[in-house]
Amino acid sequence: MKKIINKFHFKWMMRTHYTNQLKDLENGTYVTICGWIQEIRNIGNIAFIIVRDREGIAQVTLLKNDHGDEEFQKIVSLSRESTICVKGKINKNTKSKLGVEIYPEKIDILSIAEAPLPMGVVDKVSVDIETRLNERFMDLRRPEVLSLFKVESSLGKSIRRTLEEDGFLEVHTPKIIATATEGGTNLFKVKYFEKDAYLVQSPQLYKQIMMAAGFDRVYEIAPAFRAEEHNTTRHLNEFISIDIEMSFATHEDAMSLLEKVITNAIEFVIKNNKDDMNRLNLNWKIPERPFPRVTYSELLDYVNKNGVEMKFGEDFSSEALELIGKKYKEFYFITRWPMETRAFYVMPCEDDPTFGKAFDLQYGEREITSGAQRNHNYNSLKENIEKKGLDPKSFEFYLEAFKYGMPPHAGWAIGLERLTMILTGVKNIREVTLFPRDRKRVVP
RNA sequence: GCCCCGGUGGUGUAGUGGCCUAUCAUAUGGGUCUGUCACACCCAUGACCUGGGUUCAAAUCCCAGCCGGGGCGCCA
């Protein structure tokens, strides 16, 4: 029972191999592959069936002489994208450009696709993103789309590994909350029995509470919800937030960790996603650490001297970031932000409380992440909440945690889709979101 | 929220008042072909977002609606 015939434990499944494993087999080996009929090229007395699965494509070569008229006709008239399993013999002396083909002995027809398809998987016509998202299951069959998600999966996997290796505990904080957390962003209201509740925009307050709880280092990979009516190619109303928080640590420590996480993730993809990177035409290099640190004030000067007007205390506009992105083309941190541009929980700098120990990680003109050392002093934190015009009463559950021993702590959050979008260079964040939720779309 | 733009076969498009009985590609159905791999070739099928208006004449102009796209803003 325990015998494994390959690393994917296919013994108990219909298939024996993925299509990309066939090349390494000996001539004459019997295999069963399962997948979708991508294409049938029928030449008359011989037909080539291209079968696609998650890992690639394979050619099944069907000879009329071997199968008889009726059987041949039945198979070549199958519609594209029907699902089949093919049991047959490997032939490596093939003229096929794939270098290997299967002479079938048995073809199981599992599901017949209707025709025409709502969109072509390999057609030579481009399809609007709108149509693609409406027919997303079909769009996701396209190899280049799958590759994006394989890269995204690897990024997430590597980030998780790095954090695990560094002793972070995975936690799960509530996504339904009672009060409007940090102010600013609009929240989605939901009915919670007889009460009103909201969907969280970020696990920020809870991961800080976990520092008071003594969990020391935590991470959470979970959805966050924002009810902003933005209509852009880089915002989603639901996205995956990779959040970390670490105790007895400063913003410098948080930045070092972030550099490591990002660098490891890129290295992991380079190692494990060669095919996907080729398909997507990506040519990544492992970035050098440490990433440059540039202060807010330096950049403020820079943009003002280069023709983009900006006042102290403002955030960088798209125009300003575009200019900065021309100077800093890769990863860099923007540090020492004015407190007024940041959330109440940021720790002010000791030498000048006008500034906070906050940072943004940028890639060229695009923002990947924000983070900061947090204010762990109860009184000062409460004051900052008031300064921002928020009501400390609605933060009681949070503030309580600061009264009975709260270590200094720091953290950050990465939007998984945003990171994938920036690294792969896709123009629209929806490309790297399976089923995006935006201003207009709740289906599928 | 503000500004701009669009909606033509299943899919992607051409068409800016009569030349439209609407172009092309792809797709789909049928046919020929024993080594295709963007198969090739032949035949066929299939469309002007909805409603109102202007006009001798509307895919084309105007109004309203519906649906969508892009940019900016917002984005602890």
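Residues numbered from 1 in each chain as written. Chains lettered and ligands numbered in written order. Predicted model: local features only at pLDDT ≥ 70, side-chain atom pairs only at ≥ 80, totals over all residues. Heavy atoms only, no water.

(A) Seen up close, the sheet that holds strand S2 (residues 46-53). As summarised here, the arrangement of the five strands in space is S1-S2-S3-S5-S4, forming a closed barrel in which the pairing is mixed. Here the average twist between neighbouring strands, direction ignored, is 50°. Sheet topology note: the S2/strand S3 (residues 56-63) ladder contains eight bridges and is antiparallel. Among the inter-strand pairings, Ala47 is bridged to a residue of S3, identified as Leu62. (Pairing = 2+ DSSP bridges. Helix = DSSP H or I, 4+ residues; strand = E, 2+ residues; numbered from the N terminus. Axes fitted to C-alpha atoms, helices over the stretch in contact; angles between N-to-C directions.)

(B) View of the side chain of Glu81. Mapped onto the fold, Glu81 is located in the loop between helix H2 (69-76) and strand S4 (83-91). Polar side-chain contacts of Glu81 include one of 2.8 Å to the side chain of Arg52. At 2.9 Å, the side chain of Glu81 forms a polar contact with the side chain of Arg141. Beyond its immediate sequence surroundings of up to four residues, Glu81 is in contact with Trp36, Ile37, Gln38, Arg52, Ala113, Leu117, Val121, Met138 and Arg141. (Polar contact = N/O pair within 3.5 Å; in protein donor to acceptor, adjacent residues only side chain to side chain. Contact = heavy atoms within 4.5 Å.)

(C) Layout of the protein's contact with RNA strand B. Taken together, 50 residues sit near RNA strand B, with Glu39, Asn65, Arg226, His235 and Ala343 positioned nearest. Among all atoms of RNA strand B positioned within 4 Å of the protein, those belonging to sugar or phosphate total 54%. Between RNA strand B and the protein, one listed contact pairs a sugar or linking oxygen with a side-chain N or O atom of Tyr345 at 3.4 Å. Mapped onto the surface near RNA strand B, the elements with two or more residues apiece are strand S1 (30-42), S2, S3, strand S5 (101-111) and helix H3 (129-134). Of the residues forming the surface near RNA strand B, the biggest block, three residues, is contributed by S1. (Near = heavy atom within 4 Å.)

(D) The arrangement of the state of the cysteines in detail. Using the criterion set out here, one finds one disulfide in the structure. The disulfide bridge from Cys34 ends at Cys85, spanning 2.1 Å between sulfur atoms. Judged by the sign of its S-S torsion, about 100°, the cystine formed by Cys34 and Cys85 is right-handed. Residue Cys34 is located in strand S1, and its partner Cys85 is located in strand S4; the two are separated by 51 residues in the primary sequence. For Cys85, a relative accessible area of 5% corresponds to the buried category. (Disulfide = S-S within 2.5 Å. Buried < 20%, exposed > 50% of the residue type's maximum accessible area, 1.4 Å probe, protein only.)

(E) Spatial organisation of the environment of Tyr302. Within the secondary structure, Tyr302 is located in helix H9 (residues 296-305). For the pair Tyr302 and Glu431, spaced 129 residues apart in sequence, the C-alpha to C-alpha distance is 34 Å. With sequence-adjacent residues up to four places away left out, Tyr302 is seen in contact with Leu323, Ile324 and Lys327.

(F) Focus on helix H6 (residues 204-212). Within the sequence span of H6, burial applies to Gln204, Leu205, Lys207, Gln208, Met210 and Met211. Those residues of H6 that are buried are in contact with strand S10 (217-225), strand S11 (238-247), strand S15 (366-374), helix H12 (396-399) and strand S16 (409-415). Following H6 by one or two positions, Gly214 has its phi on the positive side, about 85°.

(G) A look at the packing of H9 against helix H10 (residues 318-327). The interhelical angle for the contact between H9 and H10, taken along N-to-C directions, is 100°, at an axis separation of 10 Å. Relative to H10, H9 is oriented roughly perpendicular. Contacts between H9 and H10 involve Leu299, Tyr302 and Val303 from the first element and Ala320, Leu323, Ile324 and Lys327 from the second. Within the contact of H9 with H10, the residues separate by chemical class into six nonpolar, no polar and one charged. (Parallel < 35°, antiparallel > 145°, perpendicular 65-115°, else oblique. Nonpolar A, V, L, I, M, F, W, Y, C, P; charged D, E, K, R; others polar.)

(H) Fine view of the pattern of salt bridges. Under the criterion given, the structure shown has 31 salt bridges. We note a salt bridge from Arg374 to Glu245, for which the minimum N-O separation is 2.7 Å. With a gap of 129 residues between them, Arg374 in strand S15 and Glu245 in strand S11 connect regions that are remote in the sequence. Like Arg374, the residue Glu245 is buried in the burial classification. Residue Glu267 pairs with Lys271 through a salt bridge whose shortest N-O separation is 3.9 Å. Placement of both Glu267 and Lys271 in helix H7 (residues 251-272) is noted, with a separation of four residues, approximately one turn of the helix. Connected through salt bridges with shared partners, the residues Arg132, Arg136, Asp139, Arg142, Glu144 and Glu431 form a single ionic network. (Salt bridge = Lys/Arg side-chain N within 4 Å of Asp/Glu carboxyl O.)

(I) View of the packing of aromatic side chains. Applying the stated criterion to the full structure yields 17 aromatic pairs. On the basis of an interplanar angle of 40° and a centroid distance of 5.6 Å, the ring pair of Tyr206 and Phe397 is categorised as tilted. Of this pair, Tyr206 sits in helix H6 while Phe397 is found in helix H12, placing the two residues 191 residues apart along the sequence. Ring geometry for Tyr296 against Phe312: centres 5.8 Å apart, planes inclined by 85°, an arrangement best described as edge-to-face. Residue Tyr296 is found in helix H9, and its partner Phe312 is found in the loop between H9 and H10; the two are separated by 16 residues along the sequence. A relative accessible area of 0% means that Tyr296 is categorised as buried. Counting every residue linked through ring pairs, the aromatic cluster contains Phe291, Phe331, Phe333, Phe359 and Tyr363. One Lys or Arg, Lys327, reaches over the ring of Tyr302 and ends 4.5 Å from the middle of that ring. For Arg342, the ring lying beneath its charged end belongs to Trp337, and the centroid distance is 4.2 Å. (Phe/Tyr/Trp six-rings, centres within 6.5 Å; stacked < 30°, edge-to-face > 60°. Lys NZ or Arg CZ within 6 Å of the ring centre and 35° of its normal.)

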